[in-house]
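Chain by chain, the residues run as shown.
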Amino acid sequence: MMIEGGFRHSVINTSTPINLVAGMPPSDVFALKQNVMDVGIKFFFLGRESRFRPFIGGGLAYANSTLNLTTTYS
């Protein structure tokens with residue numbers, strides 16, 4: 001049996017496709033923040049010394065995302 005778990009936090013800054021000020025390229029306007037948590041379990045049919053280790057497993061994951069204006073625009 002093996003239990004796995006993980007957590008990932010990421011922030012991605014993106015710009016708007018519409019140029020609001022003529023002649024100036026848009027800078028980073030939006031901040032996409034993502035949090036992902038996951039846990040899984042695997043049940044192996046053969047031992048560790050086996051060359052081929054089939055398994056059956058399952059898991060759960062939870063993801064949360066927010067899209068906000070960056071601090072320069074809020």
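Located above this text is the structure these notes cover.
What counts, and at which threshold
- For every chain, the first residue of the written sequence is number 1, and numbering continues from 1 onward in sequence order.
- Given that the model is predicted, a residue must reach a pLDDT of at least 70 before its local features are reported, and side-chain atom pairs must reach 80 or more before they are shown or counted; all residues, however, enter totals for whole chains, interfaces and linings.
- The basis for every side-chain value is the complete set of heavy atoms in the structure, and neither hydrogens nor water enter the calculation.
- A helix here means a DSSP run of H or I that spans at least four residues, while a strand means a run of E at least two residues long, and both kinds are numbered starting from the N terminus.
- Burial classification: accessible surface area is computed with a 1.4 Å probe over protein chains only, and a residue below 20% of its type maximum counts as buried, one above 50% as exposed, and the rest as partly exposed.
- A contact between two residues is defined here by any heavy atoms of the two lying within 4.5 Å.
- Methods summary: accessible areas were calculated by the Shrake-Rupley approach with a probe of 1.4 Å, and residue burial reflects only the protein chains presented.
- Pairing of aromatic side chains here covers Phe, Tyr and the six-membered ring of Trp, requires ring centres within 6.5 Å, and sorts the geometry by plane angle: under 30 degrees stacked, over 60 edge-to-face, intermediate tilted.
- Only lysine NZ and arginine CZ atoms are considered, and such an atom sits over a ring when it is within 6 Å of the ring centre and within 35 degrees of the ring normal.
- Here, any two strands with at least 2 DSSP bridges between them count as paired.
- Axis definition: a line fitted to C-alpha atoms, over the contacting stretch in the case of helices. Angles run 0 to 180 degrees between N-to-C directions.

Enquirer: Would you mind going over the overall build of the protein with me for this structure?
Expert: Summing up its helical and strand segments, the protein has zero helices and three strands in all. If you list the helices and strands of the protein from N to C, you get β-β-β. When burial is assessed residue by residue, the protein has 8% of its 74 residues classed as buried. A separation of at least 24 residues holds for 55% of the contacts in the protein among residues at least 6 apart in sequence. On the protein, roughly 6,200 Å² of surface is accessible, and the fraction owed to carbon and sulfur atoms is 62%.

Enquirer: Looking at this model, I keep getting lost on the packing of aromatic side chains. Mind explaining?
Expert: In this description, a pair of aromatic rings is defined by centroid distance and the angle of the planes. Evaluated as defined, the whole model comprises one aromatic pair. Sitting over the face of the ring of Phe55, Lys42 holds its NZ or CZ atom 4.6 Å from the ring centroid. Residue placement shows Arg53 over the ring face of Phe44; its charged tip is 4.0 Å from the ring centre.

Enquirer: In this structure, what is going on with the sheet that holds strand E2 (residues 30–44)? I would like to understand it.
Expert: Where strands meet in a sheet, backbone hydrogen bonds hold them as pairs that are either parallel or antiparallel. Spatially, three strands are ordered E1-E2-E3 in an open sheet, and the strand pairing comes out antiparallel. Every interior strand has two partners, whereas the edge strands, strand E1 (2–14) and strand E3 (55–69), have only one. Strand-to-strand, the axes of this sheet are offset by a mean angle of 10°, without reference to chain direction.

Enquirer: Any chance you could explain the environment of Ile12 here in plain terms?
Expert: Examined against the element boundaries, Ile12 turns out to sit in strand E1. You can call Ile12 partly exposed: its relative accessible area is 39%. Considering only alpha carbons, one finds Ile12 and Phe30, 18 residues apart in sequence, at a separation of 8.2 Å. If we ignore the near neighbours within four places in the chain, the residues touching Ile12 are Phe30, Ala31, Leu32 and Gln34.

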